[in-house]
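# Structural overview
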Amino acid sequence: RGHLGVGRGRGLAATLRAEGAPRAVTALALCGTWLVSGSLDCTVRVWSLDQHDLERPGGPAAIRVIEMSSEVMSLAIQHDQDGLCVHCGCKDRCIRQLRLTS
């Protein structure tokens, strides 16, 4: 299962766990309190890192999991008035754009 430690300063603030994700995280992108991870299991996960989520027992959980058609190798994100715009560079040499609204 995938595990990712999130720290502030020198200390570890939380460990993110991607349940059911047996393959490695290959890309991370941070925008404000949003973290997006891409993995070799062909998924993109969106995490909220606000204080409430970091203090939740068991740590933050992915608030959204998006299945992709290829392994995710790189990510870029931008937050605007419509939500998050995520660009995913995939192993099949395609760049996919995801628009995530609340």
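Above this text you will find the structure in question.
Report on the accompanying structure. Small disclaimer: the values here were computed from a predicted structure and weren't measured.

Looking now at the pairing of strand β7 (residues 72-80). The pairing of β7 with strand β8 (residues 83-90) spans eight bridges and is classified as antiparallel. Paired with Ser74 across the bridge in β8 is Gly89. Counted along the chain from β7 to the antiparallel partner β8, the turn is two residues long.

On to the nonpolar core, then. Ranked by internal contacts, the top residues of the largest apolar core, which has 17 residues, are Val44, Met68, Leu75, Val86, Cys88 and Leu98. Here the element with the most residues in this core is β8; it accounts for four residues. Contact partners of Val44, with chain neighbours within four places excluded, come to Val36, Ser37, Arg64, Val65, Ile66, Met68, Val72, Cys88 and Leu98.

The three strands lie next to each other as β7-β8-β9, forming an open sheet whose pairing is antiparallel. One side of each edge strand has no neighbouring strand; the edge strands of this open sheet are β7 and β9 (95-100). Averaged over all pairs of adjacent strands, the angle between their axes in this sheet comes to 20°, without regard to strand direction. Two strands pair when backbone bridges link them, and β8 and β9 are joined in this way by six bridges, in the antiparallel orientation. The residue bridging His87 from the neighbouring strand is Gln97, located in β9.

The next thing to look at is the sheet that holds strand β4 (residues 34-39). The strand order across the open sheet formed by four strands is β3-β4-β5-β6, and the pairing between neighbours is antiparallel. The open sheet has two edge strands with one neighbour each: β3 (25-31) and β6 (62-67). Direction aside, neighbouring strands of the sheet carry axes that sit 15° apart on average. Pairing between β4 and strand β5 (residues 43-48): five bridges, direction antiparallel. Counted as the bridge partner of Gly38 is Val44 from β5.

What counts, and where the lines are drawn
- Residues numbered from 1 in each chain as written.
- Predicted model: local features only at pLDDT ≥ 70, side-chain atom pairs only at ≥ 80, totals over all residues.
- Heavy atoms only, no water.
- Pairing = 2+ DSSP bridges.
- Helix = DSSP H or I, 4+ residues; strand = E, 2+ residues; numbered from the N terminus.
- Core = buried A, V, L, I, M, F, W, Y, C linked by side-chain atoms within 4.5 Å.
- Buried < 20%, exposed > 50% of the residue type's maximum accessible area, 1.4 Å probe, protein only.
- Contact = heavy atoms within 4.5 Å.
- Axes fitted to C-alpha atoms, helices over the stretch in contact; angles between N-to-C directions.

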